[in-house]
Amino acid sequence: MSPAALLVALAAALPLDPLPDGAVARLGTTARRSYSTTGLAVAPDGKTVRTVSDTPGRLCEWDLATGRLLATAPVVPTPGARHAFLPGLTEYLARVGPRTLRVVEARTGKTVRELTFPDGFEVADPWGRQTPPDGTPFVARGRRTGKGWPDDAREFVAVVRPAGGDPVPLGPLPGQTNNATASRDGARVAVTSGMPGYSGELSCWDAATGKRLWAVSSGQFAAAVFTPDGKAVVVRSGSGDHWLERLDAATGKPLPGWEATPAGVNLDLLAFSPDGSLLVTNRGVVSAKTGKELYPKPAGYGRVAFTPDGRGLVTTYPTLALWDAATGKSRWPELPPGLTRPADRLLLDPAGRWVVAGNDDDCLYWNLPAGRPWPFDALRGTRGWALGPDGRTVYAVGQREVVGVDVTTGKVGPVLKAGAAATKEFPNETYQWAAVDPDGTVTVATTVGRYEEDSTETREEVEVRWDPAAGKTSTRPAARTPPWSWSRSADRRVLAGPVYGKKPLTGDPPMVGFAVWDAKAEREVVRAPADGLLAAELSADGRRLVAVYRDRMAVWDVAGGRELKPFRTVPDGGWTAVLAVSADGTRAVTAHALGSVLVWDLGR
């Protein structure tokens, strides 16, 4: 069986996530995608996994057996903060103010209760990579505010009981807090502090009273974790040469019987399996009995959680994945190729037969009728693309060259090397973007410049006109209006672009809408509102304007000046600001925050 036929058969055999209303195809898959994950937990029954992401602010539920996305829900917007799931996965913690942690119902996003720190304390975020058992407190880090505290004693760690009650601050701590964790019985909290590269401190605290039990200040400490029985603390220790060390949780004294970890390892991730037999470090998985490495890490980690039976290890970076905890081998089936993160560039065939989507890491071509994807190395990592008049040739713009590629075959065609616009006065030349005229002439926006003696650069903007068929080039001053700010119909009779309001005393003028003009009649015919607008594009025939917002996609009939049926479902973890519209305005393609691409039927 050929690779393409195998992919099609595999795609047909796998369960598909339901498409949102109005979408006719999903390119790639939402399974095994978890973008910018700040929280991770496996359900107690071992059947589902939940992830929560601050960007784009989505909670996702996944089938643990297949990696299939089951459901999504919005989360409390807390830019830059972590989230921590509570036992049972029905609630999570989120920082929503300088002194406030909020307990949120996972499925609905409703606030259950708030935990407020006293005056003089500013909480940063909930801590912890693993969901603790029932009754175990969380720890949160923060800083003391107000006068009277020296900079090296402002940081604190607090014990937070999600069921209620005031947080119990610990400290003061010496310098920067690196890691804090509670034992599974909730009795003790271990804290590592100190600047990286310098001598720091490992301290142990009584969670109920906030009293310091013991401290060790003889090395560098980046991370610590209690053994499941709470009798020992495993810490990354050392001065220059780093190793794992096991200490008595009652006294802080070293316990014998462990192998030294090789020097130079940054062990800032530590997590025990439920039965305490395995320990995850960011170098690999080791035996908790001997400290010996069993296998190197299977991929990146991100967030980490074991399945309840201890046989599976779930990680979130670079994508959501499930591994056999004993061997490090993948336990999820391979899926049809998809994007590992959102696409930031799209090209849609004017006739709606194919689409290309990509970013700096991946670039894929899909034949829409056959549903077959394959990778395009020639288009990966380029700054942008422009489609030729034949509907097949894509011009990929790199920093120093423009490459023509037949996307239906993968054949690389004409290439333009930088140098046409360079002069003795401005020898440095960099390509920025490209556009293609109906006659096939490619216009490349170019920056030329020179470095001055004071290390600054003097630059000018130039356009290179390139005829790929003849191989000839010419130059001219750059256009005053950049093409990416405007959409034009093929006959140039309809224009669409942003409308700006009055310029304030400081800053840029606000965008008040995205408008369509009839160039012949010199009048505005449609204006899309600007609030929440992410992207807008005019179809090549000038009949449709498509606009993507944070919570919907809207389509306007240009001739009638009216909005057609809106698409209000926000699928696949949220929109990204990437949109492509077919020439006749009947199809649109959007890229989404979980790495998938959707094709939409806009109607005729």
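Reading the values: the criteria
- Residues numbered from 1 in each chain as written.
- Predicted model: local features only at pLDDT ≥ 70, side-chain atom pairs only at ≥ 80, totals over all residues.
- Heavy atoms only, no water.
- Helix = DSSP H or I, 4+ residues; strand = E, 2+ residues; numbered from the N terminus.
- Buried < 20%, exposed > 50% of the residue type's maximum accessible area, 1.4 Å probe, protein only.
- pLDDT = per-residue confidence, 0-100.
- Contact = heavy atoms within 4.5 Å.
- Pairing = 2+ DSSP bridges.
- Axes fitted to C-alpha atoms, helices over the stretch in contact; angles between N-to-C directions.
- Salt bridge = Lys/Arg side-chain N within 4 Å of Asp/Glu carboxyl O.
- Polar contact = N/O pair within 3.5 Å; in protein donor to acceptor, adjacent residues only side chain to side chain.
- Phe/Tyr/Trp six-rings, centres within 6.5 Å; stacked < 30°, edge-to-face > 60°.
- Lys NZ or Arg CZ within 6 Å of the ring centre and 35° of its normal.

Draft legend 1. The arrangement of the overall build of the protein chain in detail. When helices and strands are tallied, the protein chain shows one helix and 50 strands. Out of the 604 residues belonging to the protein chain, those deemed buried represent 50%.

Draft legend 2. Broad picture of the confidence of the model for the protein chain. In this model, the protein chain carries a mean pLDDT of 81, and residues with pLDDT of at least 70 account for 86%. pLDDT under 50 marks residues 1-14. Its contacts with residues more than four places away, or in other chains, come to 15 contacts.

Draft legend 3. Geometry of the sheet that holds strand β8 (residues 100-105). Within the open sheet, the four strands sit side by side as β6-β7-β8-β9. Their pairing is antiparallel. Each having just a single partner strand, β6 (83-85) and β9 (111-116) make up the two edges of the open sheet. Pairs of neighbouring strands in the sheet enclose a mean axial angle of 25 degrees, with direction left out of account. As judged from the six bridges shared by strand β7 (residues 91-97) and β8, these two strands associate in the antiparallel manner. The partner of Leu-93 across the bridge, within β8, is Val-103.

Draft legend 4. Representation of the pattern of salt bridges. In total, this model carries 18 salt bridges according to the counting rule given. Note that Asp-377 is salt-bridged to Arg-380, the shortest N-O span being 3.7 Å. Judged by its relative accessible area of 57%, Asp-377 is exposed. By relative accessible area, which is 42% here, Arg-380 ends up partly exposed. We note a salt bridge from Glu-463 to Arg-476, for which the minimum N-O separation is 2.9 Å. Of this pair, Glu-463 sits in strand β38 (residues 457-467) while Arg-476 sits in strand β39 (residues 472-477), and the two are 13 residues apart along the sequence. Owing to a relative accessible area of 3%, Glu-463 belongs among the buried residues under this scheme. Here the salt bridges do not stand alone but share partners, grouping Asp-344, Arg-345 and Asp-360 into one network.

Draft legend 5. Local environment of the sheet that holds strand β37 (residues 442-451). Judged by pairing direction, the sheet is antiparallel, and its four strands sit side by side in the order β36-β37-β38-β39 without closing on themselves. In this open sheet, the two edge strands, each paired with only one partner strand, are β36 (428-436) and β39. Ignoring which end each strand starts from, the neighbouring axes of this sheet average 30 degrees apart.

Draft legend 6. Structural context of the side chain of Thr-315. Relative to the helices and strands, Thr-315 is located in strand β26 (residues 312-315). Residue Thr-315 is classed as buried on the basis of its relative accessible area, which comes to 0%. A polar contact is formed between the side chain of Thr-315 and the side chain of Trp-323, at a distance of 2.9 Å. Aside from chain neighbours lying at most four places away, what touches Thr-315 is Gly-300, Tyr-301, Arg-303, Val-304, Leu-320, Ala-321 and Trp-323.

Draft legend 7. View of the environment of Gly-310. Secondary-structure assignment places Gly-310 in the loop between β25 (304-306) and β26. Distance from Gly-310 to Leu-278, taken between C-alpha atoms, is 8.7 Å for residues 32 residues apart in sequence. Look past the residues within four positions of Gly-310 in its chain and what remains in contact with it is Pro-274 and Ala-325.

Draft legend 8. Layout of the packing of aromatic side chains. According to the stated counting rule, one finds seven aromatic pairs in the structure shown. When the centroid spacing of 4.9 Å and the interplanar angle of 85 degrees are considered together, the rings of Phe-121 and Phe-156 count as edge-to-face. Of the two residues, Phe-121 is situated in strand β10 (residues 121-126) and Phe-156 in strand β12 (residues 155-160); the sequence distance between them amounts to 35 residues. Here Phe-121 matches Phe-156 in class, with each residue buried. Consider the rings of Tyr-365 and Phe-376, whose centres lie 5.9 Å apart with planes at 85 degrees: the pair is edge-to-face. You can see Tyr-365 sitting in strand β30 (residues 363-367) and its partner Phe-376 sitting in the loop between β31 (372-375) and β32 (384-387), a full 11 residues away along the chain. Look at Tyr-365 and you get buried, because its relative accessible area is 3%. The ring of Tyr-549 has Arg-552 lying over it, and the distance from NZ or CZ to the ring centre is 4.0 Å.

Draft legend 9. Representation of unusual backbone geometry. Even without being glycine, Glu-522 reaches a positive phi, approximately 55 degrees. Relative to the elements of secondary structure, Glu-522 occurs in the loop between β42 (511-518) and β43 (523-529).

Draft legend 10. Quick peek at the pairing of strand β48 (residues 575-581). Judged by how many residues are buried, β48 sits mostly within the fold: six of seven residues are covered. Taken together, the four bridges between β48 and strand β49 (residues 587-592) define a ladder with antiparallel strand orientation. Residue pairing in the sheet places Leu-579 in a bridge with Thr-590 of β49. In this antiparallel pair of consecutive strands, β48 and β49, the connection spans five residues, and Gly-585 shows a positive phi of 75 degrees.

Draft legend 11. Structural context of the environment of Trp-205. Relative to the assigned elements, Trp-205 resides in strand β16 (residues 200-206). Considered as a pair, Trp-205 and Val-189 are 16 residues apart in the sequence and their alpha carbons are 5.1 Å apart. Excluding residues that lie within four positions of it along the chain, Trp-205 makes contacts with Leu-170, Gly-171, Pro-172, Leu-173, Ala-187, Arg-188, Val-189, Val-191, Gly-210, Lys-211, Arg-212 and Leu-213. One polar contact links Trp-205 to Ser-203, side chain to side chain, over a distance of 2.8 Å.

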